[in-house]
Amino acid sequence: MTTLPFFEIIQVAFPGVEALRVGRLFQLDRERMVIGRKPECDIWLGSSTVGRQHAAVIKAQDKYVIEDLASRCGTRVNNLQIRGPTDLHDGDIVGIGRVYMRFQLESPSDSSEV
């Protein structure tokens, strides 16, 4: 069985938006997924600190990359502003506005740890 990578929300700077609760998972089940505050986005983050179409995650052969889509606040990986397509590695922390998500290559239920 193939495991799909996912993002897990780990911190939100302004709690209270149910869709942005800590622990929420977003499975990366398409070749290209757009992250943003528009309801049409593949990963919807309903926050005013997130651009309408803020960033995209792309499966490129055997890896995943993230790129900023000219957002006003930019996109961060491990607290560093990205300047172009950037490889994602297991455990990386991605900052989209004031929402922080962890990139995971396997789901907790597929992990050997309990």
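Every chain's residues receive numbers from 1 upward, in the order its sequence appears when written. Residue-level local features of this predicted model are given only where pLDDT is at least 70; pairs of side-chain atoms are given and counted only at 80 or more, and the full residue set underlies all totals for whole chains, interfaces and linings. Computation of side-chain values covers all heavy atoms of the structure but excludes hydrogens and water.

Participant: In this structure, what is going on with the packing of aromatic side chains? I would like to understand it.
Facilitator: Any pair of aromatic rings gets described here by the distance separating the centres and the angle formed by the planes. Two aromatic rings from Phe, Tyr or Trp, using only the six-membered ring of Trp, form a pair when their centres are within 6.5 Å; if the ring planes differ by under 30 degrees the pair is stacked, by over 60 it is edge-to-face, and anything between is tilted. This model, assessed by the stated rule, comprises two aromatic pairs. Ring centres of Tyr64 and Phe103 lie 5.9 Å apart, and the angle between their planes is 55°; on these two criteria the pair is classed as tilted. Taken together, the residues Tyr64 in strand E6 (residues 63-68) and Phe103 in strand E11 (residues 99-104) connect sequence positions 39 residues apart. Residue burial is assigned from relative accessible area. The probe radius is 1.4 Å, only protein chains are included, and a residue is buried under 20% of its type maximum, exposed over 50%, and partly exposed in between. The exposure class of Tyr64 is buried, given its relative accessible area of 9%. Clustering of aromatic rings is evident, with ring pairs tying together Phe7, Tyr64 and Phe103. By definition, any uninterrupted DSSP run of H or I lasting at least four residues is a helix, any uninterrupted run of E lasting at least two residues is a strand, and each is numbered from the N terminus.

Participant: When you look at the confidence of the model for the chain in this model, what are you seeing that I'm missing?
Facilitator: Interpretation of this model should avoid reading the predicted coordinates in detail wherever pLDDT is low. Per-residue pLDDT for the chain averages 86, and the proportion of residues at 70 or more is 85%. Each residue carries a pLDDT score, the predictor's confidence in it, ranging from 0 to 100. Contacts are assigned to residue pairs with any non-hydrogen atoms lying within 4.5 Å of each other. The model gives residues 110-114 a pLDDT under 50, and that stretch makes four contacts with residues more than four places away or in other chains.

Participant: Explain the layout of surface pockets here, please?
Facilitator: Approximately 190 Å³ is the volume attributed to the largest pocket. The wall of the largest pocket is formed by Arg37, Ser48, Thr49, Val50, Gly51, Arg52, Gln53, His54, Leu69, Ser71, Arg72 and Cys73. Each residue is assigned to one of three groups, with Ala, Val, Leu, Ile, Met, Phe, Trp, Tyr, Cys and Pro labelled nonpolar, Asp, Glu, Lys and Arg labelled charged, and all others, Gly among them, labelled polar. The residue makeup of the lining of the largest pocket, split by class, is three nonpolar, six polar and three charged. Grid points spaced at 1 Å over the protein atoms alone were grouped into cavities, where a 1.4 Å probe fits but cannot get out, and pockets, open sets with protein on both sides within 12 Å along at least five of seven lines, with lining residues defined by an atom within 4 Å of a point. Grid points are joined across faces, edges and corners, and a volume is the space filled by probe spheres set on the points.

Participant: What am I meant to see in the nonpolar core here?
Facilitator: Side chains that are nonpolar tend, in soluble globular proteins, to be buried together. Definition of nonpolar core: a set of buried residues of the types Ala, Val, Leu, Ile, Met, Phe, Trp, Tyr and Cys, connected through side-chain atoms within 4.5 Å. The biggest cluster of nonpolar side chains holds 23 residues, and the ones touching the most others in it are Phe7, Ile35, Leu45, Ile66, Leu88 and Met101. Looking at this core, the elements with two or more residues in it are strand E1 (6-12), strand E3 (32-36), strand E5 (55-60), E6, strand E10 (93-96) and E11. Those residues in contact with Met101 that sit more than four places away from it in its chain are Phe7, Glu8, Ile9, Ile10, Phe26, Ile35, Leu45, Asp92, Ile93, Val94 and Ile96.

Participant: Would you explain the pairing of E11 in this entry?
Facilitator: The pairing criterion is simple: DSSP has to find at least two bridges between the two strands. Note that E1 and E11 share six bridges and pair antiparallel. Across the sheet, Val12 pairs through a bridge with Val99, a residue of E11. Sheet topology note: the E10/E11 ladder contains four bridges and is antiparallel. Within the sheet, the bridge partner assigned to Gly95 lies in E11 and is Tyr100. The loop that links E10 with its antiparallel partner E11 comprises two residues; one of these, Gly97, has a positive phi angle of about 60°.

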